[in-house]
Amino acid sequence: MSDQIFQQLRALGDYLATRRDEVIRAVRAAAESDPEQTTVSSLTRSQFNDHIPPMLEAFARALQSPPDGTRAVAAELQRTQQEIKHGLQRWQQGYRLRELLHEWGHLQQVLFDEIEVFATASPAFERATLAEAIRQLIRFINEAVSTSTGQYARLQQDEAVGHLRDLQRAIAEMKELERRRTELIHQAVHDLRGNVQSVSS
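This structure is a prediction, so every number in the text was calculated from the model and none was measured.

Asks: I'd like a rundown of the overall build of the chain, residues and numbers included.
Replies: The helix and strand tally for the chain stands at 8 helices and 0 strands. Mapped in sequence order, the helices and strands of the chain form the string α-α-α-α-α-α-α-α. Counting across all 201 residues of the chain, residues that qualify as buried make up 34%. Contacts in the chain between residues far apart in sequence, at least 24 positions, make up 82% of those at least 6 positions apart.

As structure tokens, this is what we get:
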């Protein structure tokens, strides 16, 4: 990566930092108009926005990192995503997995549009810089989706295990009730026989 591309990516990162509120509003608007995202209408603004600002900051840091800092940025992105636990939040808010994936798609589209706006408004912005910015965006979204869906899948698995345990417990209780019922019937039959014999005698 040339020094010029690096400087242009830094400028793009600075620009995106100033556009945070507009990005969040655009993502929310896209989610609300998406027929696949039915849960978003029940969220307050703060509930919806909760995880987005730190993710945008992480992406801006990725754009502004030095050419030899790719691994450090990847580690920072992973740390940020683990701390945010986006999949956990959306699970608790009632999102389906499809809604979660659609939300990341909206964020990617909004950021892509912002990058294009900046590139168009900056005559010196090189085509190679635009390509690198889009490459970093794709990498960023892929990492985020992977982490979020991983969290969501673990929660689904944990819930399924919980349901299985509940079912096994219910079956065990039913078997115990059936055993007691059988014992009571045997005891009643035994007592009845004894009474019949007494009457016969």
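Asks: Lay out helix H7 (residues 97–121) in plain terms, naming residues and giving numbers.
Replies: Over its 25 residues, H7 runs 37 Å from end to end, which matches the ideal 36 Å to within 8%, given 1.5 Å per residue. Those residues of H7 that fall on the buried side of the exposure criterion are Glu99, Leu100, Glu103, Trp104, His106, Leu107, Val110, Leu111, Glu114, Ile115, Phe118 and Ala119.

Asks: So, a nonpolar patch on the surface: which residues are in play, and what are the values?
Replies: Together, Leu164, Leu167 and Ile171 make up a nonpolar patch on the protein surface, roughly 260 Å² of accessible area in all. In this structure, isoleucine 171 sits in helix H8 (residues 127–200). Residue classification places isoleucine 171 among the partly exposed residues on the basis of a relative accessible area of 38%.

Asks: Tell me about the environment of threonine 38, residues and numbers included.
Replies: Relative to the assigned elements, threonine 38 resides in the loop between helix H2 (20–32) and helix H3 (45–49). Expressed as a C-alpha distance, the spacing of threonine 38 and glycine 94, which sit 56 residues apart in the sequence, is 9.8 Å. When residues no more than four places from it in sequence are discounted, the contact partners of threonine 38 are Arg96 and Glu99.

Asks: Pulling in residues and values, what's your account of the packing of aromatic side chains?
Replies: Summed over all chains, the structure comprises 3 aromatic pairs. With centroids separated by 5.0 Å and ring planes inclined at 35 degrees, the aromatic side chains of tyrosine 15 and phenylalanine 118 adopt a geometry described as tilted. Placement of tyrosine 15 in helix H1 (residues 3–18) and of phenylalanine 118 in helix H7 is noted, with a sequence separation of 103 residues between them. Per residue, the accessibility class of tyrosine 15 equals that of phenylalanine 118, and both read buried. Ring centres of phenylalanine 118 and phenylalanine 125 lie 5.5 Å apart, and the angle between their planes is 90 degrees; on these two criteria the pair is classed as edge-to-face. Residue phenylalanine 118 is classed as buried on the basis of its relative accessible area of 14%. Here a set of aromatic residues connected by ring pairs shows up, and it is made of Tyr15, Phe118 and Phe125.

What counts and how
- Residues numbered from 1 in each chain as written.
- Predicted model: local features only at pLDDT ≥ 70, side-chain atom pairs only at ≥ 80, totals over all residues.
- Heavy atoms only, no water.
- Helix = DSSP H or I, 4+ residues; strand = E, 2+ residues; numbered from the N terminus.
- Buried < 20%, exposed > 50% of the residue type's maximum accessible area, 1.4 Å probe, protein only.
- Contact = heavy atoms within 4.5 Å.
- Expected span 1.5 Å × (residues − 1).
- Patch = residues over 30% accessible without salt bridge, like charges linked within 9 Å, V, L, I, M, F, W, Y side chains within 5 Å.
- Areas by Shrake-Rupley, 256 points an atom, 1.4 Å probe, with all protein chains shown as cover.
- Salt bridge = Lys/Arg side-chain N within 4 Å of Asp/Glu carboxyl O.
- Phe/Tyr/Trp six-rings, centres within 6.5 Å; stacked < 30°, edge-to-face > 60°.

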